Amino acid sequence: MHKYILPSLKLTLVLIIICSVLYPLLVAVVGWMTPGQGNGVTVEYNGKVVGYANIGQRFTDDKYFWSRPSAAAYNAAGSGGSNKGPSNPDYLKDVQAHIDTFLAHNPAFRAADIPAELVTYSGSGLDPDLSPAGARIQVKRISVVRHLSEDKVNALVDRYVQQPLWGIFGPAKVNVLQLNLALDRGEAN
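Residues numbered from 1 in each chain as written. Predicted model: local features only at pLDDT ≥ 70, side-chain atom pairs only at ≥ 80, totals over all residues. Heavy atoms only, no water.

Trainee: Residue-level account of the layout of surface pockets, with values.
Mentor: Of the pockets and cavities examined, the largest pocket occupies roughly 350 Å³. What lines the largest pocket is a set of 16 residues, and nearest its centre among them are R58, T60, W66, P69 and H98. Counted by class, the lining of the largest pocket contains 8 nonpolar, 6 polar and 2 charged residues. Here the second largest pocket is characterised by a volume of approximately 210 Å³. For the second largest pocket, the lining is made up of 15 residues, of which D129, L130, P171, A172 and K173 are closest to its centre. (1 Å grid on protein atoms, 1.4 Å probe; cavity = no way out; pocket = protein on both sides within 12 Å on 5 of 7 lines; lining within 4 Å. Points joined across faces, edges and corners; volume = space filled by probe spheres on them. Nonpolar A, V, L, I, M, F, W, Y, C, P; charged D, E, K, R; others polar.)

Quick look at the structure:
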């Protein structure tokens with residue numbers, strides 16, 4: 001039994017150094033080398049910080065593109081999904097409430113037309129992006145409220161679509177905050 005104790009203690013010490021010192025140091029260095037030095041990339045408008053590039057925000061005004069619903073209330077400190085399965089009655093009630101709200105503000109559509117991302121929570125609760133379809137279904141409402149042609153608003157969406165990395169990694173997406181700031185800057189006029 002004694003011949004196993006010393007190797008076990010050595011292995012434990014090595015793993016403590018790797019897991020408690022080297023790995024956190026590596027993560028900190030990689031974070032420091034990213035944009036924002038690991039603190040997030042802030043987005044400014046008129047000299048004022050209005051959000052983060054990679055954290056979703058709530059938009060409810062009809063003149064803006066709406067983000068994906070958040071089970072975490074867009075709080076980065078409490079990131080997480082709803083943890084409710086697709087047959088959970090509370091989850092279904094939330095989804096129906098999102099559908100009803102969307103249809104009340106976008107009466108030209110039916111429930112079947114709404115992309116799922118606009119009525120369901122993301123896994124993190126902080127998704128800053130929509131699919132192009134999730135943005136385009138909102139164009140009619142925004143063009144009416146802002147007195148713009150649908151063609152101009154659609155062209156703005158097209159301009160802000162980010163294609164998959166190298167054409168293969170991930171889906172095409174649109175950052176909602178960037179799109180709404182473009183509307184406020186008058187880029188669709």
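Trainee: Can you lay out the packing of aromatic side chains for me, pointing to particular residues and giving the numbers?
Mentor: If you walk through the whole model with that rule in mind, you get 4 aromatic pairs. Relative to Y64, the ring of F59 lies with its centre 5.7 Å away and its plane at 50°, an arrangement referred to as tilted. Residue F59 shares its accessibility class with Y64, and that shared class is buried. Its guanidinium or amino end placed over the ring of Y64, R146 lies 5.2 Å from that ring's centre, counting from NZ or CZ. (Phe/Tyr/Trp six-rings, centres within 6.5 Å; stacked < 30°, edge-to-face > 60°. Buried < 20%, exposed > 50% of the residue type's maximum accessible area, 1.4 Å probe, protein only. Lys NZ or Arg CZ within 6 Å of the ring centre and 35° of its normal.)

Trainee: I'd like a description of the pairing of strand β1 (residues 42-45), backed by residues and values.
Mentor: Bridge analysis of β1 against strand β2 (residues 48-52) gives 4 bridges, and the strand direction is antiparallel. Each residue of the ladder has a partner; that of Y45, found in β2, is K48. If you look at the hairpin formed by β1 and β2, you'll find 2 residues sitting between the two strands, and N46 has a positive phi there, around 55°. (Pairing = 2+ DSSP bridges. Helix = DSSP H or I, 4+ residues; strand = E, 2+ residues; numbered from the N terminus.)

Trainee: Any chance you could break down a nonpolar patch on the surface for me, citing the residues and the numbers?
Mentor: Taken together, the side chains of L11, L13, V14, L15, I17, I18, V21 and L22 make up a nonpolar region of the molecular surface, amounting to roughly 700 Å² of accessible area. Take L11: it is sitting in helix α1 (residues 2-33). (Patch = residues over 30% accessible without salt bridge, like charges linked within 9 Å, V, L, I, M, F, W, Y side chains within 5 Å. Areas by Shrake-Rupley, 256 points an atom, 1.4 Å probe, with all protein chains shown as cover. Salt bridge = Lys/Arg side-chain N within 4 Å of Asp/Glu carboxyl O.)

Trainee: Summarise helix α2 (residues 89-105); cite the residues concerned and give the values.
Mentor: The end-to-end C-alpha separation of α2 is 24 Å, in line with the 24 Å expected for 17 residues at 1.5 Å each. When we look at burial in α2, the residues that qualify are Y91, V95, I99 and F102. Down the axis of α2, the smallest arc covering the buried residues is 75°, so these residues share one side. Counted as exposed and oriented over 90 degrees from the buried face of α2: P89, K93 and A104. The elements touched by buried residues of α2 are α4 (139-146). (Expected span 1.5 Å × (residues − 1). Arc of directions from axis to C-beta. Contact = heavy atoms within 4.5 Å.)

In short, shape yes, function no, at least from these values alone.
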